[in-house]
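Fold and geometry: a report
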Protein chains: 2
Amino acid sequence: MARTVITISREFGSGGRSIAKAVAEALNIPYYDKELIKQVAEKTDLSPEYVENTGEHAPGKSVFSFLPNLGMPQNFFKGISTEDFLWSMQRNVILDLAEKGSCVIVGRSADYILKDNPDALHVFIHAATAFKADRIVRLYGESKKKPEERLADKDGKRRAHYKHFTGRAWGQSQNYHLSLDSSKIGLEKCVSIIVDLVGMERKNE
Amino acid sequence: MARTVITISREFGSGGRSIAKAVAEALNIPYYDKELIKQVAEKTDLSPEYVENTGEHAPGKSVFSFLPNLGMPQNFFKGISTEDFLWSMQRNVILDLAEKGSCVIVGRSADYILKDNPDALHVFIHAATAFKADRIVRLYGESKKKPEERLADKDGKRRAHYKHFTGRAWGQSQNYHLSLDSSKIGLEKCVSIIVDLVGMERKNE
């Protein structure tokens, strides 16, 4: 069986994670999300919570960034930041997982990290705001912030993190082989399009 | 039969136009590309060549833009430019076509013009550079410019035109329901995914 590594990037609330799980089940291949976070946490001695929250969010500014530029190289005072260290370890874990065999990897800029992997299929899942807002309230409950703000906040952080580490625009269709609007197409149909494409790739080999 | 208006935006050389034609044939609905240009040309008294080239390309600068700002409103010297007039007429033709019944419309920012049309399915077709370069040389022949330059030139103009008139980023996946890499997925499979989705939408109605 030819190896297929499916990366699924997703907007918060779009159902991308559910689609990823269903694809992995249908193809009977491993699904890495929390498991990936666990592996990175073990390798870095960082807490799983920190890995989960920081591994897809924009790095904060070093306190030294507020000092005037004294002609020193930008990282002179900084050394390697925890965020850069985390990025590097996360990258290694993802490269290792893709080496091991077919799998589905959710988020974590895996589309960029595996961009030159010929066995990879890169997918982006997005959805209309009303659909996502409704979905996060049903799944994660109400909070003090409006659902629209929660969406903008979470995806804003993902966008900034992706831009910072990859230099690319998050959600730009050219970064993925397939981008799907789950609110228009439906979650089940998204799953079947992806499963069907992987099946076709295998048949052609 | 429920109305379905499929807009297909595409990178130069990606095969988007061939995909659009094949989708229209499979669904037995009209396909608007040159026909749309002809209609716009008739309504505007502009030449079809001008409509074809300017209708998706960035507007040039008015000569007055080189004058110092004398505190006049930006359009004081300009009136409505030919490009703005063309945009407005092209927009009307597209809205009319979508009213008439099911169809496939290629390019011309139709995804933006019909963004609030509940019957529309918006598709973006892109492809790897090597695939597109090879394809344009086979289809349109060699030229003095390298194929990669021809691609960058044409799509750069489309991107600037789209940004100018819509304020949105061309190729940003959230602007489309479906974005496909035709070099990875194959033209035939792109056609069948689109046809299948439209069939599903109709069945659900």
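These numbers come from a predicted model, not from an experiment. (Residues numbered from 1 in each chain as written. Chains lettered and ligands numbered in written order. Predicted model: local features only at pLDDT ≥ 70, side-chain atom pairs only at ≥ 80, totals over all residues. Heavy atoms only, no water.)

1. Comments concerning the interface of chain B and chain A
How big an interface is tends to be stated in terms of the accessible area lost upon association of its parts. Each partner contributes to the interface: chain B provides 25 residues, whereas chain A provides 25 residues. Where chain B abuts chain A, roughly 2,100 Å² becomes buried across the two surfaces, and 50% of that area is made up of carbon and sulfur atoms. The largest contributions to the chain B side of the interface with chain A come from Q174(B), H177(B) and K184(B), which together make up 28% of the buried area. Applying the counting criterion to the chain B and chain A interface returns 19 residue pairs in polar contact (both at pLDDT 80 or more). Contributing elements (two or more residues each) for the side of chain B that touches chain A: β4 (120-126), β5 (178-181), α8 (182-185) and α9 (187-203) of chain B. In terms of residue count, α9(B) provides more of the side of chain B that touches chain A than any other element does, six residues in total. Of the residues that constitute the side of chain B that touches chain A, the class distribution is twelve nonpolar, seven polar and six charged. (Contact = heavy atoms within 4.5 Å. Buried area = accessible area lost by both parts, 1.4 Å probe. Polar contact = N/O pair within 3.5 Å; in protein donor to acceptor, adjacent residues only side chain to side chain. Helix = DSSP H or I, 4+ residues; strand = E, 2+ residues; numbered from the N terminus. Nonpolar A, V, L, I, M, F, W, Y, C, P; charged D, E, K, R; others polar.)

2. Notes on the pairing of strand β5 (residues 178-181) of chain A
Consecutive side chains of a regular strand alternate in pointing toward one face of the sheet and then the other. Burial of β5(A) is two-sided: the residues L178(A) and L180(A) facing one way and the residues S179(A) and D181(A) facing the other way are all buried. In the sheet, strand β4 (residues 120-126) of chain A pairs with β5(A) via four bridges, with the strands oriented parallel. Among the inter-strand pairings, H126(A) is bridged to a residue of β5(A), identified as D181(A). In the sheet, β5(A) pairs with β5(B) via three bridges, with the strands oriented antiparallel. Looking at the pairing, L180(A) lines up with L178(B) of β5(B). (Buried < 20%, exposed > 50% of the residue type's maximum accessible area, 1.4 Å probe, protein only. Pairing = 2+ DSSP bridges.)

3. Overview of the side chain of H177(A)
With respect to the helices and strands, H177(A) occurs in the loop between α7 (147-166) and β5. Contacts of H177(A), omitting those with residues within four sequence positions, involve A120(A), L121(A), H122(A), S179(B), L180(B), D181(B), K184(B) and I185(B).

4. Let's talk about the packing of helix α2 (residues 34-44) of chain A against helix α4 (residues 82-100) of chain A
All names here are of chain A. Relative orientation of the contacting elements α2 and α4 amounts to 125 degrees, with a least axis distance of 10 Å. Compared by their axis directions, α2 and α4 come out oblique. α4 is crossed by α2, and the crossing has right-handed handedness. In this structure, α2 contributes L36, Q39, V40, K43 and T44 to the contact, and α4 contributes F85, L86, M89, Q90, V93, I94, D96 and L97. Its residues assigned to classes, the contact of α2 with α4 comprises eight nonpolar, three polar and two charged. (Axes fitted to C-alpha atoms, helices over the stretch in contact; angles between N-to-C directions. Parallel < 35°, antiparallel > 145°, perpendicular 65-115°, else oblique. Left-handed = near helix turned anticlockwise from the far one by under 90°.)

5. Looking at the confidence of the model for chain A
Residues and elements named next belong to chain A. When pLDDT is averaged across chain A, the result is 85; 85% of the residues are at 70 or more. Per-residue pLDDT stays below 50 along residues 61-69; that stretch engages in four contacts with residues further than four places along the chain or on separate chains. Per the prediction output, this complex has pTM 0.86; the corresponding ipTM is 0.85. (pLDDT = per-residue confidence, 0-100.)

6. Overview of the nonpolar core
The biggest cluster of nonpolar side chains holds 44 residues, and the ones touching the most others in it are I6(A), I194(A), I6(B) and I194(B). Those residues within four positions of I194(A) in sequence are excluded, and the remaining contacts are I6(A), I8(A), I19(A), V23(A), L121(A), V123(A), L178(A) and L180(A). (Core = buried A, V, L, I, M, F, W, Y, C linked by side-chain atoms within 4.5 Å.)

7. Here's the deal with the sheet that holds strand β3 (residues 103-106) of chain B
Ordered in space as β2(A)-β3(A)-β1(A)-β4(A)-β5(A)-β5(B)-β4(B)-β1(B)-β3(B)-β2(B), the ten strands form an open sheet in which the pairing is mixed. The sheet is open, and its two borders are formed by β2 (31-32) of chain A together with β2 (31-32) of chain B, each paired with just one other strand. Sheet topology places β2(A) next to strand β3 (residues 103-106) of chain A; two bridges connect them, and they run parallel. By the bridge assignment for β3(A), Y32(A) is matched with I105(A). Across the sheet, helix α1 (residues 16-27) of chain A touches β1 (5-10), β2, β3 and β4 of chain A, and the angle it forms with β1(A) is around 165 degrees.

8. Considering unusual backbone geometry
Of note, the phi angle at N28(A) is positive, near 55 degrees, even though the residue is not glycine. In the Ramachandran plot, S109(B) falls in the positive-phi region, its phi being about 55 degrees despite a non-glycine side chain. Looking at where S109(B) falls in the secondary structure, it is placed in the loop between β3 and α5 (110-113).

9. Quick word on the relation of the copies chain B and chain A
For the pair chain B and chain A, the best superposition has an RMSD of 0.0 Å and corresponds to a rotation of 180 degrees with a translation of 0.0 Å parallel to the axis. On the angle and the small slide along the axis, the relation comes out as a two-fold axis. Here 100% of the interface residues in chain B have copies in chain A that are interface residues too; the copies meet face to matching face. (Least-squares fit on C-alpha atoms with pLDDT ≥ 70 in both.)

10. Here's the deal with the packing of aromatic side chains
Tallying each qualifying case throughout the model produces eight aromatic pairs over all chains. Ring geometry for W87(A) versus F165(A): centroids 4.7 Å apart, planes at 10 degrees, classification stacked. Separated by 78 residues along the polypeptide, W87(A) in helix α4 and F165(A) in helix α7 bring together distant segments of the chain. Accessibility expressed as a relative area gives 11% for W87(A), which makes it buried. With 5.3 Å between their ring centres and 90 degrees between their planes, F124(A) and W170(A) make a pair best called edge-to-face. With F124(A) in strand β4 and W170(A) in the loop between α7 and β5, the pair connects residues that are 46 residues apart, well separated along the chain. Assigned by exposure class, F124(A) and W170(A) land together as buried. Site record: aromatic cluster; members linked through ring pairs are F124(A), W170(A) and Y176(A). The ring of Y112(B) carries the charged tip of K115(B) above its face, separated from the ring centre by 5.1 Å. Positioned above the aromatic ring of F12(B) is the side chain of K154(B), whose terminal nitrogen or guanidinium carbon lies 5.1 Å from the ring centre. (Phe/Tyr/Trp six-rings, centres within 6.5 Å; stacked < 30°, edge-to-face > 60°. Lys NZ or Arg CZ within 6 Å of the ring centre and 35° of its normal.)

11. A short note on the pattern of salt bridges
Residue and element names in this part refer to chain A. Here the structure, examined in full by the defined rule, presents 22 salt bridges over all chains. For K115, the salt bridge is made with D116, and the minimal N-O distance between the two is 3.5 Å. For K115, a relative accessible area of 38% corresponds to the partly exposed category. Judged by relative accessible area, which is 65%, D116 ranks as exposed. Between D153 and K157 there is a salt bridge, and its shortest N-O distance comes to 3.7 Å. Of the two residues, D153 and K157 are both situated in helix α7; the distance of four residues between them amounts to about one turn of the helix. For D153, a relative accessible area of 32% translates into the label partly exposed. Since its relative accessible area comes to 35%, K157 is described here as partly exposed. (Salt bridge = Lys/Arg side-chain N within 4 Å of Asp/Glu carboxyl O.)

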